[in-house]
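A look at the structure
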Amino acid sequence: MMIVYKSIGLMSGTSLDGLDICFAKFWKENSCWKFEIIEAETIAYSETLEEQLRNSIHLSAQDLLALHSEYGFYLGQTTDDFITRKQLSTIDVIASHGHTVFHQPNRKFTLQIGDGRAIKLQTQIPVIYDFRSQDVLLGGNGAPLVPIGDELLFSEYDACLNLGGFSNISFKINDERIAFDIAPVNIVLNKLAQNFGQNFDQNGNLAKQGKINTELLNKLNSLEFYHQPHPKSLGIEWCNENIFPLFTDLDAKDILATFTEHAAEQISKVLNHYQLKKVLFTGGGTYNQYFIEKIKGKTTSEIIIPEKEIIDFKEALIFAFMGVLKLNNEINVLSSATGSSQNHSSGILS
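Residues numbered from 1 in each chain as written. Predicted model: local features only at pLDDT ≥ 70, side-chain atom pairs only at ≥ 80, totals over all residues. Heavy atoms only, no water.

Within strand S11 (residues 278–282), 4 of the 5 residues are buried, which leaves the element mostly enclosed by the surrounding structure. With 4 bridges connecting them, strand S8 (residues 159–163) and S11 associate as parallel partners. Within S11, the position partnered with Asn162 by the bridge is Thr282. As paired strands, S11 and strand S12 (residues 302–304) are joined by 3 bridges and run parallel to one another. The partner of Lys278 across the bridge, within S12, is Glu302. As for the winding sense of the linkage, the β-α-β connection from S11 through helix H11 (residues 289–296) to S12 is right-handed. (Buried < 20%, exposed > 50% of the residue type's maximum accessible area, 1.4 Å probe, protein only. Helix = DSSP H or I, 4+ residues; strand = E, 2+ residues; numbered from the N terminus. Pairing = 2+ DSSP bridges. Right-handed = clockwise from strand over helix to strand, strands pointing away.)

Printed below as a string of structure tokens:
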């Protein structure tokens, strides 16, 4: 008898464009996992909440704990509203990524706020949360986590590449799936676009008007992170320390043009180095046509851009799937991707 699991995945990315909610069903056919997205949408944050999350890195311990609870209840209420509006029933689990405030695996910690217990109290549905901490304690980067979904749900592609706040990739080498962050993308581009009163650089139109500053491009490409071996991951702290200080006294459009060129160079470098033929591109950066054309011009890899539902909700879908795996006590984090000491089943069940 085939068992079908229905799960909701909640994902808040570093670019803070809102909460992604994905309701999907999962089942096995001939020992292979299959999925169907039933309902999915992005709920934009209010200006107040977006500001709170953006500045959470600067809060005192007490205020951060208060926001952890407040945001948890927000996630629960928003999910409850989604369930009611979409008339959903028989949900087995809610899997919540939370919002990343701190990510310092070298110091053995990572923090995603949005208390899963508050989500459970609000929805009365089992909730799995805090997917990253166990991996960090096991010596891993706590990221990327989506490679388990790439491996079990999207195996027809040679690689899966996500263009979100950061770009990350996963692919197989010698029957082992590896994954790592490549470079910041929207976490930087969106912040630069705000200089022009825009939330993001639509289609790269602003970057297109700027000139590439060779000196800045060389400085960016020379950053130590790009020359480190995988597994490796990035966080906002790294950008604050290594990227933004390089932007002083330069024209804002030139910076956008240069950083777009830089990110495209770093991504194509990885695609070419590993000779990846068929690569699935997802995430908000996929809509930046100028950026995509830049990457295409630097690689022979075939870039596959799927339907909008997969572009927008692949990460939330995979967290929903990770919740199902955790419910069954199956491996949902790959050590080959994160660098931890072992494969493991991660997340806290409330």
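Having seen it, we continue.
Our focus in this paragraph is the sheet that holds strand S1 (residues 5–12). The sheet built from 6 strands is open, its strands ordered S3-S2-S1-S4-S7-S13 with mixed pairing. Because the sheet does not close on itself, it has two edges, and the strands there are strand S3 (32–43) and strand S13 (348–349). Note: S1 against strand S2 (residues 19–29), 8 bridges, orientation antiparallel. Within S2, the position partnered with Tyr5 by the bridge is Phe26. Each of S1, S2, S3 and strand S4 (93–96) touches helix H2 (residues 61–85); the most contacted strand, S2, lies at about 65 degrees to it. In the packing of helix H3 (residues 116–123) onto the sheet, contacts are made with S1, S4 and strand S7 (127–129), and the angle to S7 comes to roughly 165 degrees. (Contact = heavy atoms within 4.5 Å. Axes fitted to C-alpha atoms, helices over the stretch in contact; angles between N-to-C directions.)

Here we take up the packing of aromatic side chains. One pass over the structure, following the stated rule, counts 16 aromatic pairs. Taking 6.3 Å as the distance between ring centres and 80 degrees as the angle between the ring planes, the aromatic pair formed by Phe171 and Phe180 counts as edge-to-face. The class for Phe180 is buried, based on a relative accessible area of 4%. Taken together, a centroid distance of 6.5 Å and an interplanar angle of 50 degrees make the contact between Phe180 and Tyr274 tilted. Of this pair, Phe180 sits in strand S10 (residues 176–184) while Tyr274 is found in the loop between helix H10 (252–273) and S11, placing the two residues 94 residues apart along the sequence. A relative accessible area of 25% places Tyr274 in the partly exposed class. If you follow Lys314 out to its NZ or CZ, it ends over the ring of Phe154, 5.5 Å from the centre. (Phe/Tyr/Trp six-rings, centres within 6.5 Å; stacked < 30°, edge-to-face > 60°. Lys NZ or Arg CZ within 6 Å of the ring centre and 35° of its normal.)

Following Ala143, the chain continues to Pro144 via a peptide bond in cis, the omega torsion being -15 degrees. Following the sequence through the fold, Pro144 ends up in the loop between helix H4 (133–137) and helix H5 (147–153). A cis geometry characterises the amide bond from His230 onward to Pro231, with omega recorded as 0 degrees. Following the sequence through the fold, Pro231 ends up in the loop between helix H8 (214–221) and helix H9 (236–242). At Ser31, a position not held by glycine, the phi torsion is positive, near 70 degrees. The topology assignment puts Ser31 in the loop between S2 and S3. For Ser31, a relative accessible area of 68% corresponds to the exposed category. The phi dihedral of Gln87 falls on the positive side, at around 50 degrees, and the residue is not glycine.

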